[in-house]
Amino acid sequence: MDTPNPIVNKQVKTVVKSPSIWKQTFRRLKKNKLAMISLFFLLFMFLLSFIGPYFSPYILDRTNVANMNQPPSAAHWLGTDNYGRDVLTRLMMAGQISLTIGIAAMVLSVMIGSLLGAISGFYRGVVDMVIMRVADILMSIPGLPLLLILAAILSEWKVPAEYRLYIIMIMLSFVGWPGLARLVRGQILSLKEQPFMQATEVLGLSDRRKILHHLIPNTVPLLLVVATLNVAGSILSESALSFLGLGVVPPTPSWGNMMDAANNFMDFRKRPWLWIPPGTAIFLTVVSINLLGDGLRDALDPKMRR
Amino acid sequence: MKQYVLQRFLQMIVILFGTSFIIFFLFAMLPGDYIDSNISLTPQRAQELKALYGLDQPVLQRYFTWLGNALHGDFGYSLKHQEKVLSLLNKYVWNSFFVAIFALVLTWSIALVSGVISAIKQYSWFDGFVTFFVFAAMSFPSFFISLLFIKWFGVDLQILPIGGMIDTGSDSTGLAHLLEVGKHMILPVTILTLLSIGSLTRYFRTGMLEVIRQDYIRTARAKGLKERVVIFKHALKNAILPAITLLAFELPGLFSGAIIMEQIFNWPGVGRIQLESVSFRDYPVLMAFTMFLSCLTIIGNFLADVTYAAVDPRIRLK
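Every value quoted in this text rests on a predicted model; they were computed, and no experiment measured them.

**Structural notes on the UniProt feature "domain: ABC transmembrane type-1" (unreviewed entry) in chain A**
Okay, so step 1: With numbering aligned to this structure, UniProt lists the feature "domain: ABC transmembrane type-1" (unreviewed entry) at residues 95-293 of chain A.
Okay, so step 2: The span residues 95-293 of chain A carries 83% helix and 0% strand; its end-to-end C-alpha distance comes to 20 Å.

This is the structure in structure tokens:
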């Protein structure tokens, strides 16, 4: 850090009295009922997934043949599966996996995407061309087929089941970064023309500092919205892959691979408690994330309000 | 305009080559090929076969051989179906296409009508309903909604078939055949429509809302024009013009097949072939099809950009 100039700082403090952009945003967000309900639902989902299992009387992978395929009851709120495992407990554990993958994939894509996008927009020229063409190419291969191919390649490499979820995160971010990079690049291009960037030029700041401390922070509001929506997309992709048996594989539960039960016609017809709860969990979580992201967009930029 | 199209065209060619390169290398990265995995071959015979198929050459050379063949329409043989890749894909792609084209027409007409109405009547109960529905439609996992529909309409109510394209053992012809296929198509088309309608409705609504706030709309109203004329003649035209370019983006979707929907509905489309080729490691098929889809995507993007430039002259001045 450069040593802050005390006089300048004081002046700034006396001039700026209005609340920070984040406080304003949150105040506007609070007025959006749907977004707030979504936020609370997501909090509930997190608590359920990460703390819920500790309150469950059942142990995750404990099978109980005497007690298999029980419909929902007072003891097993969502019934038991083909191995006699409690569905609710598995649903909560699966929530941990699915939510973690969604968020981790988003963080990775945002990191790669914003860095490459910023470099691309800042340096222009050859670097820009190479990065953007790579992004174009990756974006021209349809998403699900690309994920399927990557999944096939990874199965050839015989990745152990417990590491699969890390691989899925990397795969999802591999597919997710190009869109983000393009978005950040666009923002950087317009930010670069603004007076405060001339100021950084005059101050003789290094490129690294310009990019990391001045350009990228200014893209955060927009990134926040896109990142939120990205989590929803990642959760959907992960669940689709896992449903097809190419994502997270049992015994590790995920919402997607729990739905695999529906591939068995008997389970599908006779035991809806095996596949309706995980599907509903995915649906409600994704709806909430989408509504929250939309609310954030409106709150951050009231001009864009529709 | 000519210069813009040319420039964009050259860019497209570069991306096409880059994409083919990436796809080829993704597959070349796979450990083992179908000769390595055949344990009945002696090392000497395996070597001969590799030389025959050109697998002993460096990757770059193999890429150019493959590319040369591909440009002549030769994508090799499917290992599982023992059939030329192209004729195999040709057999299944139309089953996917018909579902997709029906879904496309439905999606666009419903999205246009509901998007425009909800924009005109912003904050009405209809608008609220549409907004809610849009979010729900955007958030449904495709496999979950497919399964729910099969359960409701196929298993519980028993009014629609649960899968396949024709009844088992059916050999109907002519009109009866068409009706039978049509009946099997209802659920797949409905689901594809549901899954893609959200974002498009939103797009039309936003576009319409933006246009309604323009000064020239106020002017039109101030002139004393009827509200109907203002909306349909002045606003609607400007609101949907940019959407025409979106049609170009739909191009790959028409042929790509819906992997998950086809899998669940047992629909004999190209999406299922794709999934099958993943699980059987039928790489020639997978590679050719991925390449085909990427080409369509790239061509679609090109068309979108060009039509957009034609519609909005500001774009090509940049």
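**Focus: the interface of chain A and chain B**
Okay, so step 1: With 44 residues of chain A in contact, the opposing surface of chain B contributes 47 residues.
Okay, so step 2: Inspection of the region where chain A meets chain B yields 1 salt bridge.
Okay, so step 3: The residue Asp294(A) makes a salt bridge to Arg202(B) at a minimum N-O spacing of 2.6 Å.
Okay, so step 4: For the interface between chain A and chain B, the tally reads 2 residue pairs in polar contact (both at pLDDT 80 or more).
Okay, so step 5: Those elements that place two or more of their residues in the side of chain A that touches chain B are helix H6 (125-140), helix H7 (143-156), helix H10 (207-243), helix H12 (265-270) and helix H13 (272-300) of chain A.
Okay, so step 6: Per-element tally for the side of chain A that touches chain B: the top contributor is H13(A), with 13 residues.

**Points about the side chain of Ser139(B)**
Okay, so step 1: Along the chain, Ser139(B) falls in helix H5 (residues 125-139).
Okay, so step 2: At 2.7 Å, the side chain of Ser139(B) and the backbone oxygen of Phe135(B) are in polar contact.
Okay, so step 3: Those residues in contact with Ser139(B) that sit more than four places away from it in its chain are Leu236(A), Phe283(A), Val286(A), Val287(A) and Asn290(A).

**Examining the packing of aromatic side chains**
Okay, so step 1: Under the defined criterion, the tally for this structure stands at 25 aromatic pairs over all chains.
Okay, so step 2: Centre to centre, the rings of Phe9(B) and Phe302(B) are 5.8 Å apart; their planes meet at 70°, and the pair counts as edge-to-face. Of this pair, Phe9(B) sits in helix H1 (residues 2-28) while Phe302(B) sits in helix H14 (residues 283-311), and the two are 293 residues apart along the sequence.
Okay, so step 3: Classification of Phe9(B) as partly exposed rests on a relative accessible area of 38%.
Okay, so step 4: Ring centres 5.5 Å apart and planes at 70° place the aromatic pair Phe24(B) and Tyr63(B) in the edge-to-face group. Of this pair, Phe24(B) sits in helix H1 while Tyr63(B) sits in helix H3 (residues 59-71), and the two are 39 residues apart along the sequence. Summarising the burial analysis for this pair, Phe24(B) and Tyr63(B) share the class buried.
Okay, so step 5: We note Lys192(A) situated over the ring of Phe122(A); from NZ or CZ to the ring centre the distance is 6.0 Å.

**Quick word on the side chain of Ser242(A)**
All names here are of chain A.
Okay, so step 1: Looking at the element boundaries, serine 242 is found in helix H10.
Okay, so step 2: Looking at serine 242, its side chain comes within polar contact range of the side chain of serine 254, at 3.5 Å.
Okay, so step 3: Apart from residues lying up to four places away in sequence, serine 242 is in contact with Gly247, Val248, Ser254, Gly256 and Asn257.

**Some points on the pattern of salt bridges**
All names here are of chain A.
Okay, so step 1: A complete count under the given rule lists 13 salt bridges over all chains for this structure.
Okay, so step 2: Two residues, aspartate 136 and arginine 182, come together in a salt bridge whose shortest N-O distance is 2.3 Å. Linking aspartate 136 in helix H6 with arginine 182 in helix H8 (residues 164-192), this pair joins segments that are 46 residues apart in sequence.
Okay, so step 3: Residue class for aspartate 136 comes out buried when judged on its relative accessible area of 12%.
Okay, so step 4: For arginine 182, a relative accessible area of 40% gives the class partly exposed.
Okay, so step 5: In this structure, aspartate 294 engages arginine 297 in a salt bridge whose closest nitrogen and oxygen atoms are separated by 3.8 Å. Remark: arginine 297 and aspartate 294 occur in helix H13; sequence separation between them is 3 residues, near one turn of the helix.
Okay, so step 6: With relative accessibility at 12%, the residue aspartate 294 sits in the buried group.
Okay, so step 7: With relative accessibility at 24%, the residue arginine 297 sits in the partly exposed group.
Okay, so step 8: In the salt-bridge network here, residues are joined through shared partners; they are Arg124, Asp128 and Arg185.

**A short note on the UniProt feature "transmembrane region" (unreviewed entry) in chain A**
All names here are of chain A.
Okay, so step 1: The UniProt entry lists residues 34-55, 97-122, 134-153, 165-184, 215-236 and 273-296 under the feature "transmembrane region" (unreviewed entry), expressed in the numbering used here.
Okay, so step 2: Each end of residues 34-55 is marked by a C-alpha atom, and these two atoms are 30 Å apart; helix forms 95% of the span and strand 0%.
Okay, so step 3: Between the first and last C-alpha atoms of residues 165-184 the distance is 28 Å; the span itself is 100% helix and 0% strand.

**Brief notes about a positive patch on the surface**
All names here are of chain A.
Okay, so step 1: Taken together, the side chains of Lys23, Arg27, Lys30 and Lys31 make up a positively charged region of the molecular surface.
Okay, so step 2: Secondary-structure assignment places arginine 27 in helix H2 (residues 21-31).
Okay, so step 3: With relative accessibility at 49%, the residue arginine 27 sits in the partly exposed group.

**Topic: a nonpolar patch on the surface**
Residue and element names in this part refer to chain A.
Okay, so step 1: Together, Phe46, Leu47, Phe50, Ile51, Tyr54, Phe55, Ile103, Val107, Met111 and Ile112 make up an exposed nonpolar region whose accessible area comes to about 990 Å².
Okay, so step 2: Contributions of two or more residues to the nonpolar patch are made by helix H3 (33-50), helix H4 (52-55) and helix H5 (87-123).
Okay, so step 3: Broken down by element, the residue count for the nonpolar patch peaks at 4 residues, all from H5.
Okay, so step 4: Along the polypeptide, tyrosine 54 turns up in helix H4.

**Regarding the environment of Leu48(A)**
All names here are of chain A.
Okay, so step 1: Structurally, the position occupied by leucine 48 is in helix H3.
Okay, so step 2: For leucine 48, a relative accessible area of 26% puts it in the partly exposed group.
Okay, so step 3: Placed 197 residues apart in sequence, leucine 48 and glycine 245 show a C-alpha to C-alpha distance of 25 Å.

**Concerning the environment of Leu150(A)**
Okay, so step 1: If you trace the backbone, Leu150(A) turns up in helix H7.
Okay, so step 2: Judged by relative accessible area, which is 11%, Leu150(A) ranks as buried.
Okay, so step 3: The sequence separation of Leu150(A) and Phe243(A) amounts to 93 residues, and the corresponding C-alpha distance is 16 Å.
Okay, so step 4: For Leu150(A), the contacting residues outside a window of four places in its chain are Met171(A), Phe174(A) and Leu26(B).

What counts and how
- Residues numbered from 1 in each chain as written.
- Chains lettered and ligands numbered in written order.
- Predicted model: local features only at pLDDT ≥ 70, side-chain atom pairs only at ≥ 80, totals over all residues.
- Heavy atoms only, no water.
- UniProt positions renumbered as here; feature names shortened; annotations may be inferred.
- Helix = DSSP H or I, 4+ residues; strand = E, 2+ residues; numbered from the N terminus.
- Contact = heavy atoms within 4.5 Å.
- Salt bridge = Lys/Arg side-chain N within 4 Å of Asp/Glu carboxyl O.
- Polar contact = N/O pair within 3.5 Å; in protein donor to acceptor, adjacent residues only side chain to side chain.
- Phe/Tyr/Trp six-rings, centres within 6.5 Å; stacked < 30°, edge-to-face > 60°.
- Buried < 20%, exposed > 50% of the residue type's maximum accessible area, 1.4 Å probe, protein only.
- Lys NZ or Arg CZ within 6 Å of the ring centre and 35° of its normal.
- Patch = residues over 30% accessible without salt bridge, like charges linked within 9 Å, V, L, I, M, F, W, Y side chains within 5 Å.
- Areas by Shrake-Rupley, 256 points an atom, 1.4 Å probe, with all protein chains shown as cover.
- Lys, Arg positive; Asp, Glu negative; His and termini not counted.
- Charge placed at Lys NZ, Arg CZ, Asp CG, Glu CD.

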